Amino acid sequence: WTSTSTPIDKLDELSRTSYPLCMRSLHEALRTQHHLKNSARIQYNLFIKGIGVTLEDALRFWKIELTKKIDPDKFDKQYAYSVRHMFGKEGKQTNYTPLGCPKIISSAVGPGEYHGCPYKHMDHESLRQKLFGYGIPAESVNEIAELSKDGHYLIACTTYFKVLHNRLPDRAITHPNGYFVESRAILA
Ligand code: SF4
């Protein structure tokens, strides 16, 4: 699922056009709250690695956001290591791959946490409000909300894709990075 190079100044735009809802929610939460809990940082950092953000850019991106709330020294001591670790540059140098839908859907998500799959983990009214807020037509919001309620998370995700791209993806959605690749194939 790895994509070619993506500069970090494109992430705001890409989050609106080519991210699945799980990653769009994480990006927004990070941008507005300048903080994400550990599981959310793992889910989002591995995703941006998969869309072609370099380690140097990922460190810069996280530092810019998180140091709006914490001092740079704390970032360097507490957070930089784990960003590098996920890029396989620390410890055993494991090459961690971005998380797929089954893993994200089966995550445990507590109150005030933003990781996971919104179709599974977000309460239905908040999901509907979020989709309305993105300008999704009411009929599609209802369809996506119903699919989510019935446990058809991947179909809900595919329906969101269809609304944003005016067509279905060529390959079934099973991975957030696959969603991104399908989207860029249409929009790039
Ligand atoms: Fe993300 Fe997969 Fe859920 Fe879509 S179905 S929002 S890609 S976890």
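Being a predicted model, the structure only gives us computed values, none of them experimental.

## A look at helix α4 (residues 55-66)
Compared with an ideal rise of 1.5 Å per residue, which puts twelve residues at 16 Å, α4 spans 16 Å between its outermost C-alpha atoms and is within 8% of the ideal. Residues of α4 that are buried include every one of L55, D57, A58, L59, F61, W62, E65 and L66, and no others. Lining the buried residues of α4 we find α1 (11-17), α2 (21-33), α3 (38-50) and α5 (72-86).

## What about the site of the ligand?
Neighbouring residues of the ligand: P20, C22, C101, I104, C117, P118, Y119, L154, C157 and P176. Elements represented by at least two residues in the shell around the ligand include exactly α6 (101-105), α7 (118-121) and α10 (153-165). Of the residues assigned to the shell around the ligand, the class counts are ten nonpolar, no polar and no charged.

## Topic: the side chain of H27
With respect to the helices and strands, the residue H27 is situated in helix α2. Taking relative accessible area as the criterion, H27 reaches 2% and is therefore assigned buried. Not counting the four nearest positions on each side in its chain, H27 is found in contact with L11, D12, S15, Y19, Y44 and F61.

## Brief notes about helix α8 (residues 124-133)
Within the span of α8, buried status applies to L127, K130 and L131. End-on view of α8: buried residues confined to an arc of 95°, all on one side of the axis. Where the residues of α8 are buried, they touch α2, α7, α9 (138-149) and α10. Of the residues flanking the start of α8, the one acting as N-cap is D123, its side-chain oxygen 3.2 Å from the backbone nitrogen of E125. Looking at the residues trailing α8, positive phi occurs at G135, about 85°.

Criteria and thresholds
- Residues numbered from 1 in each chain as written.
- Predicted model: local features only at pLDDT ≥ 70, side-chain atom pairs only at ≥ 80, totals over all residues.
- Heavy atoms only, no water.
- Helix = DSSP H or I, 4+ residues; strand = E, 2+ residues; numbered from the N terminus.
- Expected span 1.5 Å × (residues − 1).
- Buried < 20%, exposed > 50% of the residue type's maximum accessible area, 1.4 Å probe, protein only.
- Contact = heavy atoms within 4.5 Å.
- Near = heavy atom within 4 Å.
- Nonpolar A, V, L, I, M, F, W, Y, C, P; charged D, E, K, R; others polar.
- Arc of directions from axis to C-beta.
- Polar contact = N/O pair within 3.5 Å; in protein donor to acceptor, adjacent residues only side chain to side chain.

The quantities given are spatial measurements derived from coordinates; they are silent on function.
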